[in-house]
Amino acid sequence: LNSFLHLREGIVKTDRTNGKVQVNSNATAAVAFHSDQSYVSGILNRAVSSSTVYDLPVGIDAEYQLATLTTDASFSGTSRIDAQFISGPGLEVVPAPNIVKGTSFDETTAGGFWRIDPNAPLFFGSFGLRLNKSNSSPIGIEFVVVKRGTAWAVPSGPEVHEDWGLAPPNIIWASALGYTSFSDFDIAY
């Protein structure tokens, strides 16, 4: 797509091996009107820049799993990201428990995790993430974003745990700030 992806109706499916929905505009509104009835099932490739908020409406065929990326004023080096939700077990939290602000988190929510890959490493700056996991039962009392250090390392706690909550129907969300690299992300409890 040249500039905009307006998801008014239906699920856009891509081949997770070779296919992507590519949005070349780095404007916040370049991806709009997404919902639990209209999102990308597969890989969403977005142009990104500093000081901007980006919705990443991804999921699998039957589940919408929205992630929101917020870049800071110094964000540079990365100009595009691939975002997708990968179905299956969540990330393993090792070492368990993972301690954030004095609270122990040792399991991730069921259903899968988000993979966010950059076209180039982040040179300066940082970003925040808010993850919204649909069709989740609120098993925990508190939730936190966890990140896999590299594609082969174990997840670690967020740089700055920001907030979490529950939203109807069956949505668990958590947010964190201060990330300086991209990887796999999930919600732990």
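Cut-offs and rules
Residues numbered from 1 in each chain as written. Predicted model: local features only at pLDDT ≥ 70, side-chain atom pairs only at ≥ 80, totals over all residues. Heavy atoms only, no water. Buried < 20%, exposed > 50% of the residue type's maximum accessible area, 1.4 Å probe, protein only. Helix = DSSP H or I, 4+ residues; strand = E, 2+ residues; numbered from the N terminus. Pairing = 2+ DSSP bridges. Phe/Tyr/Trp six-rings, centres within 6.5 Å; stacked < 30°, edge-to-face > 60°. Lys NZ or Arg CZ within 6 Å of the ring centre and 35° of its normal.

Engineer: So, the pairing of strand β14 (residues 144-148): which residues are in play, and what are the values?
Structural biologist: Most of β14 sits out of view: 5 of its 5 residues are buried. Of the two faces of β14, the one carrying V144, V146 and R148 and the one carrying V145 and K147 are both buried. Judged from the 4 bridges that link them, β14 and strand β18 (residues 184-188) form a sheet pairing that is antiparallel. Paired with K147 across the bridge in β18 is F185.

Engineer: Please provide a residue-by-residue account of the packing of aromatic side chains, values included.
Structural biologist: Going through the model one piece at a time under the given rule, you end up with 9 aromatic pairs. Taking 4.6 Å as the distance between ring centres and 75° as the angle between the ring planes, the aromatic pair formed by F123 and F124 counts as edge-to-face. Seen from their ring centres, F127 and F185 are 6.4 Å apart, and the 80° between their planes marks the pair as edge-to-face. Taken together, the residues span a long stretch of sequence, with F127 in strand β13 (residues 127-133) and F185 in strand β18 at a distance of 58 residues. Assessed through its relative accessible area of 0%, F185 is described here as buried. These aromatic residues form a ring-pair network of at least three members: F75, F127, Y179, F182 and F185. Against the face of F33 rests R8, its NZ or CZ located 4.1 Å from the ring centre. Note that R130 overlies the ring of W173, its terminal NZ or CZ placed 3.8 Å from the centroid.

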